[in-house]
Each structure stands twice: as structure tokens, then as C-alpha cells.
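Each chain, written out:
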Amino acid sequence: MVEGDELLIRVVDTGHGIPAEHQHTVFDKFVQVKSPTETTPGSVGLGLAIAREVVEAHGGRIWVASQVGVGSTFSFTIPTDKQTEK
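Described below are features of the structure shown in this document. Numbering of residues begins from 1 in every chain and follows the order in which that chain's sequence is written. Given that the model is predicted, a residue must reach a pLDDT of at least 70 before its local features are reported, and side-chain atom pairs must reach 80 or more before they are shown or counted; all residues, however, enter totals for whole chains, interfaces and linings. Just so you know, side-chain values use all the structure's heavy atoms and leave hydrogens and water out.

### Focus: the overall build of the protein
And step 1. Each helix corresponds to a stretch of at least 4 residues labelled H or I by DSSP, and each strand to a stretch of at least 2 residues labelled E; elements are numbered beginning at the N terminus. When its secondary structure is counted, the protein shows 1 helix and 4 strands.
And step 2. Scanning the protein from its N terminus toward the C terminus, one meets helices and strands in the order β-β-α-β-β.
And step 3. We call a residue buried when its accessible area falls under 20% of the maximum for its residue type, exposed when it is over 50%, and partly exposed in between, using a 1.4 Å probe and counting protein chains only. Among the 86 residues that make up the protein, the fraction classed as buried is 21%.
And step 4. Two residues form a contact once any of their heavy atoms are found within 4.5 Å. Contacts spanning at least 24 positions in sequence make up 54% of the contacts within the protein whose residues lie at least 6 apart.

### Considerations on the pairing of strand E4 (residues 71-79)
And step 1. Sheet topology note: the strand E2 (residues 6-13)/E4 ladder contains 8 bridges and is antiparallel. Bridge pairing in E4 places Leu7 opposite Ile78.
And step 2. Pairing of strand E3 (residues 61-67) with E4, which is carried by 7 bridges, proceeds in the antiparallel orientation. Considered in E4, the bridge of Trp63 is made with Ser75.
And step 3. When DSSP finds two or more bridges between a pair of strands, those strands are recorded as paired. Taking the residues that link successive antiparallel strands as the turn, the E3-E4 hairpin has 3 residues, and the phi of Gly69 there is positive, at about 85°.

### Here we look at the side chain of Ser75
And step 1. Secondary-structure assignment places Ser75 in strand E4.
And step 2. Setting aside its immediate chain neighbours within four residues, Ser75 contacts Leu8, Ile9, Arg10, Arg61, Ile62 and Trp63.

### Description of the pattern of salt bridges
And step 1. Put simply, a salt bridge is a Lys or Arg side-chain nitrogen that is within 4 Å of an Asp or Glu carboxyl oxygen. Counted by the stated rule, this structure contains 3 salt bridges.
And step 2. Residue Arg52 is joined to Asp28 by a salt bridge in which the shortest nitrogen-to-oxygen separation is 3.5 Å. One end of the pair, Arg52, is in helix H1 (residues 47-57); the other, Asp28, is in the loop between E2 and H1, and 24 residues separate them in sequence.
And step 3. Among the residues examined, Arg52 registers a relative accessible area of 26% and is labelled partly exposed.
And step 4. The partner of Lys29 in a salt bridge is Glu53, and the shortest N-O contact between them spans 3.4 Å. In this pair, Lys29 is assigned in the loop between E2 and H1 and Glu53 in helix H1, connecting sequence segments 24 residues apart.
And step 5. Residue class for Lys29 comes out partly exposed when judged on its relative accessible area of 48%.

### Focus: the sheet that holds strand E1 (residues 2-3)
And step 1. Across the sheet, which stays open at both edges, the 4 strands sit in the order E1-E2-E4-E3 with antiparallel pairing between neighbours. Edge positions in the sheet fall to E1 and E3, since each of these pairs with one other strand and no more.

### Points about the environment of Ala20
And step 1. With respect to the helices and strands, the residue Ala20 is situated in the loop between E2 and H1.
And step 2. Each C-alpha atom, one on Ala20 and one on Val68, is 8.4 Å from the other, the two residues being 48 residues apart in sequence.

Distances and angles like these do not, on their own, reveal function.
Okay, here's the thing in C-alpha cells:
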């Protein structure tokens, strides 16, 4: 969806959700928010950190809205290149 001069992308899941106290760190390298009994083979906590670096390298921003027991919405924006449309 285009909003003003930005392209907005949202990805919604119905997973466990992310507690509010961890939402500000999920885009940091090697951060994983999960219960001690939960395992994800091969996961090291780099996916969202890489996503943030790519989005920010293109002048965008990325964030999450989440509620435990309901799920999460990951959103990011990328500026549209209106200057080349002249």
C-alpha cells in the first residue's frame, strides 16, 4: 500500500505474540524471544536484524506491534522514488 511518499508493507501472524518488554529488542542481532522449552533448529536471531539493516539502508523504517496470545504485525516502509518520475 502506498501512503504518501512511502510504500508500506505489513506481515501479520497469529503466533504466540511478543511481550511488550521485548518488542524494542527483537530487531537486535542474536535476540530470540521464546520460552526455555521452545526450540527452533538453526535459528540464531539474525533474520529481523538483517531485515532492519536492509530496510534502513533503503531509507525506510521497520517496527512491530504485538500482543501475547494474539500474534504480531511486522511493518516496514520504503520511500517511493518520486524524484525519478519527473
